[in-house]
Amino acid sequence: MKSLNIQKTKGSVKEKIKKRYHSWLGEWLDRRSPASKSIKLTQKRIYIIPSKMGFLFLALTALMFVNGVNYQNNLIFSFSVLLMSIFITSIVVTFQNMAGLVITAKHGDPVFSGNTTMLHLVMEHSAKKIKDGLMLGFNREKAAVLTPIESRLATQLEFKAQARGRLAVPRLSIFSVYPVGLFTCWTWIKLDFEGVVYPSPVFTPYQYVGQTEAGIEAAQQVINRGVDDFRGFRVYQNGDSLKHVAWRQYAKTNQLLTKEFEQPQAQGHWLDWHALPGYKIEHRLQILCGWVVRSHEENREYGLSLPGLSIPSGRGDAHQQACLTALALHGVDAHINAAVS
Amino acid sequence: MKDVTLANRALVFLALSLLLTLHMHLDRLPVWIVLGAVGSLLWRAGIHYGRLASPHWSIKGALVLLGFTGIYFTYGRDLSIESMVSLLVAGFALKPLEVEKRSDSYVLIFLCYLLIGLHFLFERGPLDYLWVLAIMLVILTTQITINQSVAPNDENGSDSIRTNTAHWQALSLFLKALPLAAFLFFVLPRLAPLWVLNIPTSDGVIGLSDSMSPGQIAQLGKSDELAFRVRFNSVVPPLKDQYWRALVLDYFDGESWSQRYQPEINWDSQSYAKNSSKDVFTEYEVLLEPHDEKWLFSLGAALPRTVNVGLSEDGRLVSKHAVHSQYQYSVVSNLKTGSQKDSLSALASKAYLQIPAQGNERSQAFARALKDKFPSVDDFTQALQLFFNGNEFYYTLSPGELDSENTIDEFLFDSQKGFCAHFAGSLVYLMRSVGVPARVVVGYLGVEENPVANYYSVYQYNAHAWVEIWHKGVGWKKIDPTGWVAPERIEQGLEQAVQRDFVGFSTNLPWLKSIRDQMNAFNYYWNDWMLSYKGGAQQQLLEGVFGKRSELELILVLLGCFFSVLAIGFLFMFMDFKSKRLSHEQRMLVLYQAKLIKSGIKIFPSTSVLQMSEQAVLYNPSLKSDITAIRHMFERSLYVSPESLMTKSERLHLKKAILLLAKKLNKKGR
């Protein structure tokens, strides 16, 4: 038991050192290469060391060398020298394969916090040679192999979004052992992706503040009648909720139709910040987010009211996106502004 | 790192490299290893196509054990290079069964490199070298292929994605690596062996042996293998002096001659004192083919000029170590005087008078009778020459067996057919039986000129045996009884002397001979530059380039060269020259600024062209038209549109205008 404890503490010390090192490394890298939209890989950013196989190759070269010396065999000697020279030259070739690559961050698909999104980026270069064998990822273990880049490649990368707000992507690594695998060449880049992370929705019943009796009634009616008030079909348009697609008809006619319902004419379906007194900001935003999502799913007309911002009533994907973005960015830019001023 | 499963293409290349490597060692491998390797490759292919299962670890283990046992039974316990290479190949042959991931294939590729390199233990010709380099390129291509992210024509049909062609990549990498490799080859010091290796190759080496039974040299007479090459630094001696001494045989057991008496060996090279004006010194370098022995070849009374070559008391050169690879040494020989010695030691005279107690009575009686008639050694020798000339002695490469107990008797009085060994042996016997110290000398006679390169070759068919006899007060004197019988052997070489016996290598066709000369010349240069480039030759080259320096200085200079070459190379690769380079327009602007500042006009780096012009006009209003012209030229190219770059003539025009203006401004300043 005792020894186990000791090991545990040892492990934690090691862990601590590792953590320290990583945070120090992170800071150093941040200072060295701050985030930007587009990054060109130059010798300042590219690091290169022999790979495991490179060391094995060196051992082989040494073995050949000893063979050549011991048998006083000039041909074996020359062969070992040639292998050595290939080893050294491959530093340059491996480096060149990566150098000159321009990586531009495009955007990240909007996503709810905690979900996985796609980051879109473009890699370009003007070299004559095709850049091959590149791998891209947040760490080496889970890196994606990129197809060879002749001059331009648009690619995507999966990323699990963290906190709501503007999309913040940690440092990315691009690395390669191409062409001969004797050297690992890598770079750390911090890219600014455009994009927002919505709060993760929390689903609770609606609550309203400061509305007319009629409004509440109407809203209540909607809740009561819900989607039962079927009016007819219309042709599916982009932005219609999939929940309202008439799948049965689709199966029969192969045409996408959307079920239309009687819309409550209530003006006052407001998703209001002030309806949730006593909640913490983030939690409030999450609940509001849940309401937006549900309202959209139910194909209602809704408006969003946040302190200092209100989005008039509307519906559809664009409207939902505007509302979610407002929620995502609530306080973010103000915070930045405050920090700046 | 993530380990990637190999693409089809990589596997094909891997198999190709493996087969080529195997092919290289094919004739020195036992059949079962080759079969095993091919079998393992087929099994791997079966796994790839899903026909066969991956072998269980126990099967792999059993195969490894089987391999070891097989090697043991094939080669026994004796360690030879062949058995070691076989062991390596056996392991290598089993490896494909394991290769699934990229890291496995690296191991296989590195083994390929190692094995093709070991080919040079057996073969050292220029063609072998080219062949190894070609295979190396294939292996390098394989190595690149396994690192490509998408192989073209992948099974997914992703044809639209182009990649670099792996073999061109490999070639380019190879060519880029070549200069550095050449530099390292010529400059890296050749170390002495780190530990002594005595693993001989089991190929027999053709050449002289340290015992001579009649008929042995005749065998050599039929071989046209190269024994050594020689380059004369002074006048080439005449054929009568081209006796290359290698061995002195003193002991006769009634049948064959061998070396029993071990004379002292002097390892410190002395300097020659010129004894008389008659002395002729010949300087030459010998490039010896490996013969796994210690004896070396030299003419006349020789003095070694190379360290680790000793001079034995009987006038032979001896190497400190057996010669397992090509070896070069230089010698100075005195051809006129024999080895000068006033007296023989008791031990030596006993050795050089030894004959078996019994046998060959007829010869002994004949010699004694002759000696009674001609008591002086010279007269006795003359009489013997007459005896050989007067009888029907016949010089041939295939004299037939001598099967009686008294071989000398049988040869001298019955068969009378023999090769040089017979004549030499019997003459020494006759000399010794009348108390004249004599010995058999074995070596080569003659050289063949290669007209293309300036050197001479000595082949195995030049092998020869002759006699040295002791003259009191004079020393050892060379006598060649073969010359008495077949003078054409000495004067025109072996080919003429035994023309009937030559079938294999007669070079009557002139063009064939010229091709052979060309090939030999190439081989010679190859040997000179690739195989024997070490030690002395290296030092000579380096001194030629860097001047004579101490060892430490030389090392420092070389290190300096090495690192500066490396640094310059890397600088070029890593610097992003293009992005830092100013455009022509910018450079013109900088020039303009500099000129104006020089003339005393206040200009800041941020000043625009317009401001610069205004300042200049203020400074010297009379030059207003010039200044405006320059301004217009700048404005047209810099600001109108990005496409309106200056042409070369415009640029030159502008430069001229700026320089002219600067001149005028300066004139005014004074």
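Everything numeric in this text was worked out from a predicted model, so none of it was measured.

Draft legend 1. Looking closely at the overall build of chain B. Looking only at helices and strands, one finds 24 helices and 19 strands in chain B. Expressed as a percentage of the 670 residues in chain B, the buried residues total 33%. Contacts spanning at least 24 positions in sequence make up 73% of the contacts within chain B whose residues lie at least 6 apart.

Draft legend 2. Geometry of the overall build of chain A. Regarding its fold elements, chain A presents 8 helices and 17 strands. Every one of the 341 residues in chain A was classed for burial, and the buried ones make up 35%. Considering only contacts within chain A whose residues lie at least 6 apart along the sequence, 69% involve residues at least 24 apart.

Draft legend 3. Structural context of the interface of chain B and chain A. Residue-level contacts link 45 residues of chain B with 49 residues of chain A. Top contributing element to the side of chain B that touches chain A by residue count: helix α7 (residues 166–187) of chain B, with 8 residues. Of the residues assigned to the side of chain B that touches chain A, the class counts are 29 nonpolar, 10 polar and 6 charged.

Draft legend 4. Summary view of the pairing of strand β6 (residues 134–137) of chain A. All names here are of chain A. In terms of strand pairing, β6 meets strand β10 (residues 172–176) through 4 bridges, oriented antiparallel. By the bridge assignment, Leu 136 is partnered in β10 with Ile 174. Two strands pair when backbone bridges link them, and β6 and strand β7 (residues 144–145) are joined in this way by 2 bridges, in the antiparallel orientation. Residue pairing across strands places Met 135 opposite Val 145, the latter belonging to β7.

Draft legend 5. Spotlight on the sheet that holds β10(A). All names here are of chain A. Ordered in space as β2-β11-β10-β6-β7, the 5 strands form an open sheet in which the pairing is antiparallel. Every interior strand has two partners, whereas the edge strands, β2 (47–50) and β7, have only one. Docked against the sheet, helix α3 (residues 74–98) engages β2, β10 and β11 (183–189), running at close to 30° with respect to β11.

Draft legend 6. Representation of helix α21 (residues 584–598) of chain B. All names here are of chain B. Counted at 1.5 Å a residue, the expected span for α21 with its 15 residues is 21 Å, and the 21 Å between its end C-alpha atoms agrees. By the burial criterion, the buried members of α21 are Met 588, Tyr 592 and Leu 596. Viewed end-on, α21 has its buried residues packed into an arc of 70°, placing them on one side of the element. Seen from the buried face of α21, the exposed residues on the opposite side, beyond 90 degrees, are Gln 586, Val 590 and Lys 598. Immediately downstream of α21, the backbone of Gly 600 shows phi near 95°, a positive value.

Draft legend 7. The arrangement of the environment of B:Ala537 in detail. Residues and elements named next belong to chain B. Along the polypeptide, Ala 537 turns up in helix α18 (residues 535–546). In this structure Ala 537 comes out as partly exposed when scored by C-beta crowding, with 15 C-beta atoms within 10 Å. Counting along the chain gives 209 residues from Ala 537 to Gln 328, while the straight-line C-alpha distance between them is 9.6 Å.

Draft legend 8. Up close: the pairing of strand β18 (residues 463–471) of chain B. Residue and element names in this part refer to chain B. When you tally the buried positions in β18, you get 8 out of 9 residues, the bulk of the element. By the bridge criterion, 7 bridges tie strand β15 (residues 438–445) to β18 in an arrangement that is antiparallel. Across the sheet, Gly 443 pairs through a bridge with His 464, a residue of β18. Sheet topology note: the β18/strand β19 (residues 475–479) ladder contains 5 bridges and is antiparallel. Looking at β19, one finds that Trp 470 is bridged to Trp 476.

Draft legend 9. Seen up close, the packing of helix α10 (residues 361–373) of chain B against helix α13 (residues 420–433) of chain B. All names here are of chain B. Two elements in contact, α10 and α13, have axes separated by 9 Å at closest approach and are oriented at 60°. Considered as vectors, α10 and α13 are oriented oblique to each other. You can see that α10 and α13 cross each other, and the crossing is right-handed. On α13, the residues that touch Ser 363, Gln 364, Ala 367 and Arg 368 of α10 are Tyr 429, Leu 430 and Ser 433. Classifying every residue of the contact of α10 with α13 by side-chain character gives 3 nonpolar, 3 polar and 1 charged.

Draft legend 10. Quick peek at the sheet that holds strand β16 (residues 302–306) of chain A. All names here are of chain A. Read across the open sheet, the 3 strands follow the order β15-β16-β17; overall the sheet is mixed. Each of the sheet's edge strands pairs with one partner strand only, and the pair in question is β15 (270–272) and β17 (309–314). Neighbour-to-neighbour, the strand axes of the sheet open up by a mean angle of 15°, direction not taken into account. Where β15 and β16 come together, 3 bridges link them in parallel fashion.

Draft legend 11. Focus on unusual backbone geometry. Residue A:Tyr178 is joined to A:Pro179 through a cis peptide bond whose omega torsion reads 0°. Relative to the assigned elements, A:Pro179 resides in the loop between β10 and β11. Even without glycine at this site, B:Asn308 takes up a positive phi of about 65°. Looking at where B:Asn308 falls in the secondary structure, it is placed in the loop between β9 (301–304) and β10 (309–312). Given 12 C-beta atoms within a 10 Å radius, B:Asn308 is considered exposed. Phi at B:Asn360 takes a positive value of approximately 55°, unusual for a residue other than glycine. With respect to the element layout, B:Asn360 can be found in the loop between α9 (346–351) and α10. Take B:Asn360: there are 26 C-beta atoms within 10 Å of it, and that puts it in the buried class.

Draft legend 12. Spatial organisation of the nonpolar core. Counting residues in hydrophobic clusters, the biggest one holds 120 residues, and the most contacted among them are A:Leu288, A:Leu327, B:Cys112 and B:Tyr113. The dominant element in this core, judged by the number of residues it contributes, is α3(A), at 15 residues. Excluding residues that lie within four positions of it along the chain, B:Tyr113 makes contacts with A:Leu60, A:Leu83 and B:Ile139. Counting residues in each nonpolar core, the second largest holds 76 residues, with B:Leu249, B:Leu287, B:Leu384 and B:Leu412 among its members.

Draft legend 13. Spotlight on the environment of B:Leu118. Within the secondary structure, B:Leu118 is located in helix α5 (residues 102–118). Remark: the alpha-carbon pair of B:Leu118 and B:Ile81, spanning 37 residues in sequence, is separated by 9.3 Å.

Draft legend 14. Expanded view of α3(A). Residue and element names in this part refer to chain A. Between its first and last C-alpha atoms α3 spans 36 Å; for 25 residues at 1.5 Å apiece the expected length is 36 Å, and the two agree. Along α3, the sharpest change in direction is near 30° and occurs at Thr 89. Counted residue by residue, α3 has 23 buried out of 25 residues, so it is predominantly covered. Following α3 by one or two positions, Gly 100 adopts a phi angle in the positive range, close to 85°.

Draft legend 15. Expanded view of the confidence of the model for chain B. Residue and element names in this part refer to chain B. Put simply, chain B has an average pLDDT of 78, and 82% of its residues get 70 or more. Within chain B, the lowest mean pLDDT, 46, falls on helix α20 (residues 577–580), and the highest, 92, falls on helix α6 (residues 126–145). Every residue in residues 500–506 scores below 50 in pLDDT, and together they form 6 contacts with partners more than four places removed in sequence or on other chains. Considering only residues more than four positions removed or in separate chains, one finds that residues 576–580, a stretch of pLDDT under 50, has 1 contact. Interface predicted TM-score (ipTM) for the complex: 0.75; the corresponding pTM is 0.63.

Draft legend 16. Quick look at the environment of A:Ser295. By the secondary structure assignment, A:Ser295 is in helix α6 (residues 281–297). Sequence-distant contacts of A:Ser295, that is, excluding residues within four places in its chain, are made with A:Leu271, A:Arg300 and A:Tyr302.

Draft legend 17. Here's a closer look at the confidence of the model for chain A. Residue and element names in this part refer to chain A. Across chain A, pLDDT averages 80, with 83% of residues at or above 70. Predicted confidence for residues 1–8 stays below pLDDT 50, and this span has 0 contacts to residues more than four positions away or in other chains. With pLDDT under 50 throughout, residues 211–215 is counted as low confidence; its partners more than four residues away or in other chains account for 7 contacts.

About the cut-offs
- Residues numbered from 1 in each chain as written.
- Chains lettered and ligands numbered in written order.
- Predicted model: local features only at pLDDT ≥ 70, side-chain atom pairs only at ≥ 80, totals over all residues.
- Helix = DSSP H or I, 4+ residues; strand = E, 2+ residues; numbered from the N terminus.
- Buried ≥ 20, exposed ≤ 12 C-beta atoms within 10 Å, placed from the backbone.
- Contact = placed C-beta atoms within 7 Å.
- Nonpolar A, V, L, I, M, F, W, Y, C, P; charged D, E, K, R; others polar.
- Pairing = 2+ DSSP bridges.
- Axes fitted to C-alpha atoms, helices over the stretch in contact; angles between N-to-C directions.
- Expected span 1.5 Å × (residues − 1).
- Arc of directions from axis to C-beta.
- Parallel < 35°, antiparallel > 145°, perpendicular 65-115°, else oblique.
- Left-handed = near helix turned anticlockwise from the far one by under 90°.
- Core = buried A, V, L, I, M, F, W, Y, C linked by C-beta atoms within 7 Å.
- Bend = angle between axes of the 7 residues up to and from the residue.
- pLDDT = per-residue confidence, 0-100.

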